[in-house]
Amino acid sequence: QVQLVESGGGLVQPGGSLRLSCAASGRTFSSYAMGWFRQAPGKEREFVAVISESGAMTYYADSVKGRFAISRDNAKNTVYLQMNSLKPEDTAVFYCAASRIYSSNSGNYGYWGQGTQVTVSS
């Protein structure tokens, strides 16, 4: 069982930055690939980024590549999403999730956080 709690969301101006954090419970955090997903109003949940169990591999959606960076600290049971050059279209609820498989498919993720709101607006 893995429990995930996101933090770090908020209101930011276009071009600004935010860092999201996701704290995980349990002693098996390093056994899971960790992903970030987002859901904008009226839209389906979409993949943002994934990081492998050790942190050696990362993969991003084209829409965030070069602007967002996913990282993890297995000693702190935490995964991060650094978001730079934010755009209004990044406005969404952001979720972290844990999977036994390194994947961009939300169906492979068995554990989800409650989400944190990110709003990009002037």
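This section reports on the structure supplied with the text. (Residues numbered from 1 in each chain as written. Predicted model: local features only at pLDDT ≥ 70, side-chain atom pairs only at ≥ 80, totals over all residues. Heavy atoms only, no water.)

1. Overview of the overall build of the chain
Step number 1: From N to C terminus, the chain includes zero helices and eleven strands.
Step number 2: Mapped in sequence order, the helices and strands of the chain form the string β-β-β-β-β-β-β-β-β-β-β.
Step number 3: C-alpha atoms of the chain, sized along the principal axes, occupy 40 × 25 × 25 Å.
Step number 4: Scored against the burial criterion, the 122 residues of the chain give a buried share of 45%. (Helix = DSSP H or I, 4+ residues; strand = E, 2+ residues; numbered from the N terminus. Buried < 20%, exposed > 50% of the residue type's maximum accessible area, 1.4 Å probe, protein only.)

2. Overview of the state of the cysteines
Step number 1: If you walk through the whole model with that rule in mind, you get one disulfide.
Step number 2: The side chain of C22 participates in a disulfide bridge whose partner is C96; the two sulfur atoms lie 1.9 Å from each other. Across the disulfide from C22 to C96, rotation about the S-S bond amounts to roughly 45 degrees, and the bridge is consequently right-handed. With C22 in strand β3 (residues 18-24) and C96 in strand β9 (residues 92-99), this pair connects stretches of sequence that are 74 residues apart. (Disulfide = S-S within 2.5 Å.)

3. Quick look at the side chain of S52
Step number 1: Along the chain, the position of S52 falls in the loop between β5 (46-51) and β6 (58-60).
Step number 2: Setting aside anything within four residues of it in sequence, one finds S52 in contact with A33, M57, R72 and Y102. (Contact = heavy atoms within 4.5 Å.)

4. Focus on the sheet that holds β3
Step number 1: With antiparallel pairing, four strands are arranged side by side in an open sheet as β1-β3-β8-β7. The strands lining the two open edges of the sheet, one partner per strand, are β1 (4-7) and β7 (68-73). Each strand axis lies, on average, 15 degrees off the axis of its neighbour in the sheet, ignoring direction.
Step number 2: Across six bridges, β3 lies against strand β8 (residues 78-83) in antiparallel orientation. Across the sheet, C22 pairs through a bridge with V79, a residue of β8. (Pairing = 2+ DSSP bridges. Axes fitted to C-alpha atoms, helices over the stretch in contact; angles between N-to-C directions.)

5. A short note on the pairing of strand β4 (residues 33-39)
Step number 1: Of all seven residues in β4, six are buried, a share of seventy percent or more.
Step number 2: Pairing of β4 with β9, which is carried by seven bridges, proceeds in the antiparallel orientation. The residue bridging F37 from the neighbouring strand is Y95, located in β9.
Step number 3: Bridge count for β4 against β5 is five bridges, and the pairing is antiparallel. Considered in β5, the bridge of F37 is made with F47.
Step number 4: In this antiparallel pair of consecutive strands, β4 and β5, the connection spans six residues, and G42 shows a positive phi of 75 degrees.

6. Comments concerning the nonpolar core
Step number 1: Judged by nonpolar contacts, the single largest core of 36 residues is most densely connected at M34, W36, L81, M83 and F94.
Step number 2: Mapped by element, the contributors of at least two residues to this core are β3, β4, β5, β7, β8, β9 and β11 (116-120).
Step number 3: Ignoring anything within four residues of it in the chain, the contact list for M83 reads G16, S17, L18, L20, R67, F68, F94 and V118. (Core = buried A, V, L, I, M, F, W, Y, C linked by side-chain atoms within 4.5 Å.)

7. A short note on unusual backbone geometry
Step number 1: With phi around 55 degrees, N77 is a residue other than glycine that occupies positive phi space.
Step number 2: Mapped onto the fold, N77 is located in the loop between β7 and β8.
Step number 3: With phi around 50 degrees, S85 is a residue other than glycine that occupies positive phi space.
Step number 4: Assignment of secondary structure puts S85 in the loop between β8 and β9.
Step number 5: Judged by its relative accessible area of 42%, S85 falls in the partly exposed class.

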